[in-house]
Amino acid sequence: MKVTKAVLPVAGLGTRFLPASKAIPKEMVTVVDKPVIQYVVEEALAAGIHEIVLVTHSSKKAIEDHFDTNYELEAELERRGKDALLQVLRDTAPANLKVTAVRQGTALGLGHAIYCARPIVGNEPFAVMLPDVLVEESEGQSDLGLMTKRFEETGRAQIMVESVPYELVHQYGVVDLDGAQLQPGESRLMTQVVEKPPRNEAPSNQAIVGRYVLPARIFDLLADTRPGAGGEIQLTDAIAQLIGHEGADAYRLLARSYDCGSKIGYLEATLAYALRHPQLASEFRALLARYT
Ligand code: G1P
């Protein structure tokens, strides 16, 4: 079955990003010249996914506005003959993009957020994209596109992983691959997965980094998932159950990811994306040279 929808859980309050996230959603913070969430939506489009389901909160209305048509602004740019800017504006919400939103009234965890999307996703496989994470494109290849293709071939969930230092495994979901190493772009059945293990109990240093392709069955499993790490309903715990049913694969990303939910990860993403911005890269490189 084809994967046509991506669920983006954006209800989180972004306390790691205060004070920037006090009055604007952390997903709307700018990396170079676009809000973080726009990169994520463009990543979905590049993977052939055009239906975005936001699991959101009353304080996050700016995200829906960003993907809506701004008629007044368009009319004004049109009147002034600002065609290039008009195109930039229209590209934020291309005609083939469909964005719907559902509310997560109470913050009960990532698993609960995903479960809130059930009425919209229905009985179909879907992607989950955590909006704090930017996945670097590798020579025009789409990791998420490869993951959906592999799901369509095998019917098995695909969970994106990346190596992290062992000192950091306690911040992630960590997969057990029975000691096997994954090559970039490779998928392999995982034997177990555990949410935020202490370093001495981590089955590996292969951490889940915020992209998932999941079968609809995950909703039944989430419905029965009790609070786990941090007292929250964890998506990882439902995936651990899925392993016992149809299995689930870890997929190693081709390049790397950036955690824009942390201040230093955000700064690194800003540097990396500025250095490959089509219009700004060369001036930015010169600027950087003056500071180093
Ligand atoms: C969530 C997931 C975790 C994953 C991480 C990636 O944790 O629960 O499994 O490794 O995202 O960013 P959070 O960062 O929301 O605590």
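Residues numbered from 1 in each chain as written. Predicted model: local features only at pLDDT ≥ 70, side-chain atom pairs only at ≥ 80, totals over all residues. Heavy atoms only, no water.

### What to know about the site of the ligand
Point 1. Around the ligand sit Leu110, Leu130, Tyr172, Gly173, Glu195, Lys196, Ile208, Gln234 and Thr236, and those are all the residues in its vicinity.
Point 2. Between the ligand and Gly173 there is a distance of 2.9 Å, counted from an oxygen atom to a backbone nitrogen or oxygen.
Point 3. Considering the ligand on its own, with 370 Å² of exposed area, one finds that the protein chains cover 74% of that surface.
Point 4. Of the residues belonging to the shell around the ligand, the class tally is 4 nonpolar, 3 polar and 2 charged. (Near = heavy atom within 4 Å. Polar contact = N/O pair within 3.5 Å; in protein donor to acceptor, adjacent residues only side chain to side chain. Areas by Shrake-Rupley, 256 points an atom, 1.4 Å probe, with all protein chains shown as cover. Nonpolar A, V, L, I, M, F, W, Y, C, P; charged D, E, K, R; others polar.)

### Observations regarding the packing of helix 3 (residues 71-79) against helix 4 (residues 83-91)
Point 1. The geometry of helix 3 relative to helix 4 is characterised by a closest axis approach of 9 Å and an angle of 160° between their N-to-C directions. Here helix 4 runs roughly antiparallel to helix 3, going by the angle between their axes. In the packing of helix 3 onto helix 4, the handedness of the crossing is left-handed. Across the interface between the two elements, Leu73, Glu74, Leu77 and Glu78 from helix 3 touch Leu85, Leu86, Leu89 and Arg90 from helix 4. (Axes fitted to C-alpha atoms, helices over the stretch in contact; angles between N-to-C directions. Helix = DSSP H or I, 4+ residues; strand = E, 2+ residues; numbered from the N terminus. Parallel < 35°, antiparallel > 145°, perpendicular 65-115°, else oblique. Left-handed = near helix turned anticlockwise from the far one by under 90°. Contact = heavy atoms within 4.5 Å.)

### Brief notes about the pairing of strand 8 (residues 157-163)
Regular strands show a simple pattern: their side chains alternate between the two faces of the sheet.
Point 1. Of all the 7 residues making up strand 8, 6 are buried; the element is thus mostly covered by neighbouring parts of the structure.
Point 2. When strand 8 meets strand 13 (residues 248-252), the two strands line up parallel, connected through 5 bridges. From the neighbouring strand, Met160 faces strand 13, where its bridge partner is Tyr251.
Point 3. In this sheet, strand 12 (residues 206-214) lies alongside strand 8 in antiparallel orientation, the contact comprising 5 bridges. Paired with Ile159 across the two strands is Tyr212, which belongs to strand 12. (Buried < 20%, exposed > 50% of the residue type's maximum accessible area, 1.4 Å probe, protein only. Pairing = 2+ DSSP bridges.)

### Notes on the side chain of Ser262
Point 1. Mapped onto the elements of the fold, Ser262 is located in the loop between strand 14 (257-259) and helix 10 (263-274).
Point 2. Owing to a relative accessible area of 19%, Ser262 belongs among the buried residues under this scheme.
Point 3. Within the structure, the side chain of Ser262 is placed 3.1 Å from the backbone nitrogen of Gly265, a separation counted as a polar contact.
Point 4. With residues near it in sequence (within four places) discarded, Ser262 still touches Arg16 and Phe17.

### What about helix 7 (residues 143-154)?
Point 1. In this model helix 7 runs 16 Å from its N-terminal to its C-terminal C-alpha over 12 residues, within 8% of the 16 Å that 1.5 Å per residue would give.
Point 2. Packing partners of the buried residues in helix 7 comprise helix 1 (36-46), strand 6 (126-129), strand 7 (133-135), strand 8, strand 12 and strand 13.
Point 3. Note on helix 7: the residue one or two positions beyond its end, Gly155, has a positive phi of about 75°. (Expected span 1.5 Å × (residues − 1).)

### What to know about the pattern of salt bridges
Point 1. Scanning the entire structure with this criterion turns up 22 salt bridges.
Point 2. Notably, a salt bridge pairs Glu76 with Arg79, separated by 2.8 Å at the nearest N-O pair. Placement of the pair is Glu76 and Arg79 together in helix 3, with a separation of 3 residues, close to one helical turn.
Point 3. A relative accessible area of 26% places Glu76 in the partly exposed class.
Point 4. Under the relative-accessibility criterion, Arg79 is labelled exposed at 64%.
Point 5. Look at the salt bridges and you will find they share partners, linking Arg16, Lys26, Glu27, Lys60, Asp132 and Asp259 into a network. (Salt bridge = Lys/Arg side-chain N within 4 Å of Asp/Glu carboxyl O.)

### Looking at the packing of aromatic side chains
Point 1. According to the stated counting rule, one finds 5 aromatic pairs in the structure shown.
Point 2. Both rings, one in Tyr39 and one in Tyr273, keep their centres 5.1 Å apart while their planes meet at 75°; by these two values the pair is edge-to-face. Remark: Tyr273 occurs in helix 10 and Tyr39 occurs in helix 1; sequence separation between them is 234 residues. Exposure class is identical for Tyr39 and Tyr273. Each is buried.
Point 3. Aromatic pair Tyr258 and Tyr273: ring centres 5.8 Å apart, planes at 70°, arrangement edge-to-face. (Phe/Tyr/Trp six-rings, centres within 6.5 Å; stacked < 30°, edge-to-face > 60°.)

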